Amino acid sequence: MGSGKTALVAALCRELAVTAAMGVVTNDIYTTEDADFLRTAGVLDPRRIVAVQTGCCPHTAIRDDIAANLDAVEDLEAEFGPLDLLLVESGGDNLTATFSRGLADLQIFVLDVSGGDKVPRKGGPGVTASDLLVINKIDLAAHVGASLAVMDSDAAAIRQGRPVMFCSLREDPRASEVAAWVREKLRRWAGDDAARDVGATADAGAPGDAGAPGDAGTAGDAGGGRSQEGSATE
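In this report, we go over the structure that sits alongside the text. Here the structure is a predicted model, which means the values were calculated and not measured.

### A short note on the overall build of the protein
In terms of regular secondary structure, the protein is built from 9 helices and 7 strands. A separation of at least 24 residues holds for 78% of the contacts in the protein among residues at least 6 apart in sequence. For the protein, the exposed area adds up to about 10,700 Å²; of that, 52% sits on carbon and sulfur atoms.

This is the structure:
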């Protein structure tokens, strides 16, 4: 809560929607606050932004009982698909937050420096195992007495080679580094889809071979090439 997840989603929409077909699902307990913010900001067609009201701990809706989020994802895909990128934003503030792999192909976990430089070394599945850790609001570090060097060292140690990025949307409103990371994932998925299509064509044309069905269960392909990015926070 307050780590800058929604602002980061807005920045990614502005940067990536120029070339990618996108949708967004937000999660709040009782309100549609985050979705309303994104619609007001005009980052996407308002119809492409769907709010889920969890009515309980928002992490349950992204990790344990993901039905409401899956419904929202499927509705967006049905109306606007095929989508290249679908961002699912978690609500709440908890180091234990993590996305079900049945909902998100990749997870971006967002911390901010105002919690202190001790937060990365506290761990939790989001910090240790997310596909990308973003340490946000680094422009505030000097004001709250947080050492970015300590956060960098601790995050690198606990994540064991998984990527960590530092971000300030005041200094870089486009979240350029994070956007580039997402864009590269999309490029790789597009290449994988093309390779699968070529393989399927070759299989179908082989004498005496009707061709094997595609691997519909692979990450990044379950939604027809759709990528779902989860964003959580401490």
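### Points about the layout of surface pockets
Volume-wise, the largest pocket comes out at about 400 Å³. Looking at the largest pocket, it is lined by 20 residues, and the ones nearest its centre are G2, S3, G4, K5 and K137. Per element, the largest residue contribution to the lining of the largest pocket is 3 residues, and it comes from helix α1 (residues 5-16). Grouping the amino acids of the lining of the largest pocket by side-chain chemistry returns 5 nonpolar, 8 polar and 7 charged.

### A look at the side chain of T26
Note that T26 resides in strand β1 (residues 22-28). With relative accessibility at 0%, the residue T26 sits in the buried group. Non-local contacts of T26, meaning those with residues more than four positions away in its chain, are made with D34, A35, L38, V50, A51, V52 and E89.

### What about helix α8 (residues 148-159)?
With 12 residues, α8 extends 16 Å from end C-alpha to end C-alpha; this agrees with the ideal 16 Å at 1.5 Å per step. Taken as a whole, α8 has its buried residues at M151, D154, A155 and R159. The arc enclosing the buried residues of α8, seen along the axis, measures out at 115°, which places them on a common side. Of the exposed residues in α8, those oriented more than 90 degrees away from the buried face are A149 and A157.

### Some points on unusual backbone geometry
Looking along the chain, the bond that leaves G81 and enters P82 is cis, with omega of 5°. By secondary structure assignment, the location of P82 is in the loop between α4 (67-80) and β3 (85-89). Notably, Q160 is not glycine yet its phi reads approximately 50°, a positive angle. Unusually for a residue other than glycine, A175 sits at a positive phi of about 45°. Along the chain, A175 falls in the loop between β6 (164-166) and α9 (176-205). By relative accessible area, which is 2% here, A175 ends up buried.

Rules of the game
Residues numbered from 1 in each chain as written. Predicted model: local features only at pLDDT ≥ 70, side-chain atom pairs only at ≥ 80, totals over all residues. Heavy atoms only, no water. Helix = DSSP H or I, 4+ residues; strand = E, 2+ residues; numbered from the N terminus. Contact = heavy atoms within 4.5 Å. Areas by Shrake-Rupley, 256 points an atom, 1.4 Å probe, with all protein chains shown as cover. 1 Å grid on protein atoms, 1.4 Å probe; cavity = no way out; pocket = protein on both sides within 12 Å on 5 of 7 lines; lining within 4 Å. Points joined across faces, edges and corners; volume = space filled by probe spheres on them. Nonpolar A, V, L, I, M, F, W, Y, C, P; charged D, E, K, R; others polar. Buried < 20%, exposed > 50% of the residue type's maximum accessible area, 1.4 Å probe, protein only. Expected span 1.5 Å × (residues − 1). Arc of directions from axis to C-beta.

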